[in-house]
Amino acid sequence: MNVTVVGLGAMGGGMARSILLSKSVSKVAGYDLSLDLVSQFQKDALDANKAWATTPPASEKEKLILLEDYVTKDTDVVVIVLVNEAQCDQVCFGTNNSSDPNINLLNLVKPNGCVFLSSTVTAAWAKKAYETFKKQNIQFVDSPMSGGPVRALSGELTMMVAAEEQTLEYVDPLLKAMGKEIHVIPGGPGMGSTVKMVHQLLAGVHIVVAAEALALAAKAGVDVQQMYDIVTDAAGNSWMFSDRGKRMVQNDDDKVMSALAIFIKDLDIVYSEAKRLQCPVPLAASALQQFISGASMGLGRKDDSQVVKVYETLSGVSLQSQRKNEGKKEGDDVGDLWDGEEILEVGDEPRHHLALSNEYVRVLNVRFAPNDTTKAHRHAEDSLYFFLVEQGLNVINHVQGYDPKCDCMDFGEVRFGTHIDKPLVHKITNKSDQDMFCIDAEVLKSPPVTNPLPLVAERHTLIKTRDKCRVYHLILEPGQSVKVSYPFFYLSIVLKAS
């Protein structure tokens, strides 16, 4: 299967890169009006040995980026990830940087090819697009998504899919590449967009309510950082409060994860469709007005969390005036700030529990639930990490100074981290279906009794060696036993015991 992704922004770029990892996909092309985005994706596709034959122009002055160079007779599926309905209509049925006014997906996609729509549009437009493409014998998928740029890159989006049954089978490899939660919506194209509309009602209202709550806290003299910490561990929390509320407290208005103007578009879809259906949506209408107010203040291209500035303006108080971390500096030491969050010593991080401590080793038991994220913490001692999730572990590692990275650990896997020379400051998000379970053993100093030679003993396998320690696997089947004397100081990690 050869795929072209149209729209390589924060979401489309991540989705295109997740498709590169699919074994069912042979080639992937990325089309965008931004030459930089096209060129960056081309490099990633080349590294994956899945690059399209088309080479991006050396500069925008040299040549326009033409849609017909990226959607050809060899293209099987075109995935659309654009900002709004107008852009989708343009690329599907309009003219696109070409001298030929008929250059659009309707005329470029081959018979039995497929247009896979992942943008947020009205259900009416999705239905119309489906009917128009069907007349040309082109398959159509109405599949808006949710999850944000990090989950787009890791292939863990929530997909709301509506299409004919044979089309669903055709695009199944793409759904599996891009999505973790894949919901097939009955009723055909248009129903996926309907479900996304309802989802966006909740998302938009939750963002505005988060801003309202934090502004009220600030006006009442409450420490907004403490307010945020309390709510995120209490019943009043929501995913949007946890995510957008953090950005509101940090006030990082230069970082744009999702533009405020997008929710004007999305909530306008909610309002218009609710009016057509004669279904009252007073909370959505109120939230829409707050986003419109934000745009009138020049915040349309800012992060949607900056809708809090509407409340700050009306209430006459800034969240930053009620923040406990004022006066602290950004840095990498315990007590410093990282993206507005105080860095903790690893032993003080609430998901790290002390199991054993002496002058030679400190052992921490690390447990936390799926989709939970640790607080920012600092490792300053060389450490052995024993990963003990039986089905394996999937995490996102947020390391200070680097982009978040996905990582996987097998059951019983052991890693060694050298942190004395360069301490590790990071946060971990558990993306597994099971609780995170890890033993963090800090090697503090060499004990008085050591052995220069590796142990030779029955059923013991040496699996890792570092200057301060060695790690052995000891596996005993039921009923088996072994007698051994260890001529050195040791720490036992029992994975399974009876």
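Reading guide: rules and limits
- Residues numbered from 1 in each chain as written.
- Predicted model: local features only at pLDDT ≥ 70, side-chain atom pairs only at ≥ 80, totals over all residues.
- Heavy atoms only, no water.
- Helix = DSSP H or I, 4+ residues; strand = E, 2+ residues; numbered from the N terminus.
- Buried < 20%, exposed > 50% of the residue type's maximum accessible area, 1.4 Å probe, protein only.
- Contact = heavy atoms within 4.5 Å.
- Axes fitted to C-alpha atoms, helices over the stretch in contact; angles between N-to-C directions.
- Left-handed = near helix turned anticlockwise from the far one by under 90°.
- Nonpolar A, V, L, I, M, F, W, Y, C, P; charged D, E, K, R; others polar.
- Polar contact = N/O pair within 3.5 Å; in protein donor to acceptor, adjacent residues only side chain to side chain.
- Salt bridge = Lys/Arg side-chain N within 4 Å of Asp/Glu carboxyl O.
- Expected span 1.5 Å × (residues − 1).
- 1 Å grid on protein atoms, 1.4 Å probe; cavity = no way out; pocket = protein on both sides within 12 Å on 5 of 7 lines; lining within 4 Å.
- Points joined across faces, edges and corners; volume = space filled by probe spheres on them.
- Pairing = 2+ DSSP bridges.

Novice: Explain the environment of proline 370 here, please?
Specialist: Structurally, the position occupied by proline 370 is in the loop between strand S13 (361-368) and strand S14 (377-379). Relative accessible area serves as the criterion here: at 31%, proline 370 is assigned to the partly exposed category. Taking the C-alpha atoms as reference points, proline 370 and aspartate 433, separated by 63 residues in sequence, lie 5.7 Å from one another. Sequence-distant contacts of proline 370, that is, excluding residues within four places in its chain, are made with Asn430, Ser432, Asp433, Gln434 and Asp435.

Novice: Even after reading the chapter, I still don't get the packing of helix H9 (residues 191-219) against helix H14 (residues 308-315), so can you show me in this structure?
Specialist: Each pair of packed helices can be described by the angle between their axes along with the distance between the axes. Contact pair H9 / H14: the axes reach a minimum separation of 8 Å and the direction vectors enclose 35 degrees. Read as a crossing pair, H9 and H14 show a hand that is right-handed. Between H9 and H14, the contacting residues are Val208, Ala211, Glu212, Ala215 and Lys219 on the first element and Val308, Tyr311 and Ser315 on the second. Tallied by class, the residues present in the contact of H9 with H14 amount to five nonpolar, one polar and two charged.

Novice: How should the side chain of serine 305 be read in this particular structure?
Specialist: Considering the arrangement of structural elements, one finds serine 305 in the loop between helix H13 (282-296) and H14. A polar contact of 3.5 Å, which involves the side chain of serine 305, links it to the side chain of glutamine 306. Those residues within four positions of serine 305 in sequence are excluded, and the remaining contacts are Arg244, Arg247 and Met248.

Novice: Teacher, can you tell me more about the pattern of salt bridges here?
Specialist: Where side chains of opposite charge bring their charged atoms close, a pairing between them can arise. Applying the stated criterion across every chain yields a total of 24 salt bridges. Between aspartate 76 and lysine 110 there is a salt bridge, and its shortest N-O distance comes to 2.8 Å. One end of the pair, aspartate 76, is in the loop between helix H2 (35-47) and strand S3 (77-80); the other, lysine 110, is in the loop between helix H4 (105-108) and strand S4 (114-117), with 34 residues separating them in the sequence. Assessed through its relative accessible area of 15%, aspartate 76 is described here as buried. The residue glutamate 341 makes a salt bridge to lysine 246 at a minimum N-O spacing of 3.6 Å. Taken together, the residues glutamate 341 in strand S10 (residues 341-342) and lysine 246 in helix H11 (residues 239-250) connect sequence positions 95 residues apart. Given a relative accessible area of 15%, glutamate 341 falls into the buried group. A single salt-bridge network, built from bridges that share partners, covers Asp243, Arg244, Arg247, Asp303 and Asp304.

Novice: Looking at this structure, I do not really get H11. What am I missing?
Specialist: Since the α-helix turns once every 3.6 residues, residues separated by three or four places project in the same direction. The end-to-end C-alpha distance of H11 is 17 Å, a good match for the 16 Å that 12 residues give at a rise of 1.5 Å each. For H11, the set of buried residues is Met240, Phe241, Arg244, Gly245, Arg247, Met248, Val249 and Gln250. If you follow the buried residues of H11, they end up packed against H9, helix H10 (224-232), helix H12 (260-277) and H14. The positive-phi residue at the C-terminal boundary of H11 is asparagine 251, with phi of around 60 degrees.

Novice: Any chance you could explain empty space enclosed by the protein here in plain terms?
Specialist: Leftover empty space is mapped by rolling, across the atoms, a probe with the size of a water molecule. Scanning the model with the defined rule gives one cavity of 30 Å³ or more in all. In this structure, the largest cavity occupies an estimated 30 Å³ of space. When contributions to the lining of the largest cavity are tallied by element, the ones reaching two or more residues are H9 and H12. Tallied by class, the residues present in the lining of the largest cavity amount to four nonpolar, three polar and one charged.

Novice: Explanation requested: the sheet that holds strand S12 (residues 352-357) in the structure shown.
Specialist: Sheets are built from strands that pair by backbone hydrogen bonding, the pairs being arranged parallel or antiparallel. Taken together, the five strands give an open sheet; going across it, the order is S12-S13-S20-S15-S18, and neighbouring strands pair in antiparallel fashion. Where the open sheet ends on each side, the last strands, each with one partner, are S12 and strand S18 (414-417). Each strand axis lies, on average, 20 degrees off the axis of its neighbour in the sheet, ignoring direction. Pairing geometry for strand S15 (residues 383-387) and strand S20 (residues 436-443), over five bridges, is antiparallel. Across the sheet, serine 383 pairs through a bridge with glutamate 442, a residue of S20.

Novice: Before we go on, may I ask you to explain the environment of alanine 380 in this structure?
Specialist: Looking at the secondary structure, you find alanine 380 in the loop between S14 and S15. Classification of alanine 380 as partly exposed rests on a relative accessible area of 30%. In the structure, alanine 380 is positioned 167 residues away from alanine 213 in sequence and 37 Å away in space, judged by C-alpha atoms. Once residues within four sequence positions are removed from consideration, alanine 380 is found in contact with His419, Ile420 and Pro423.

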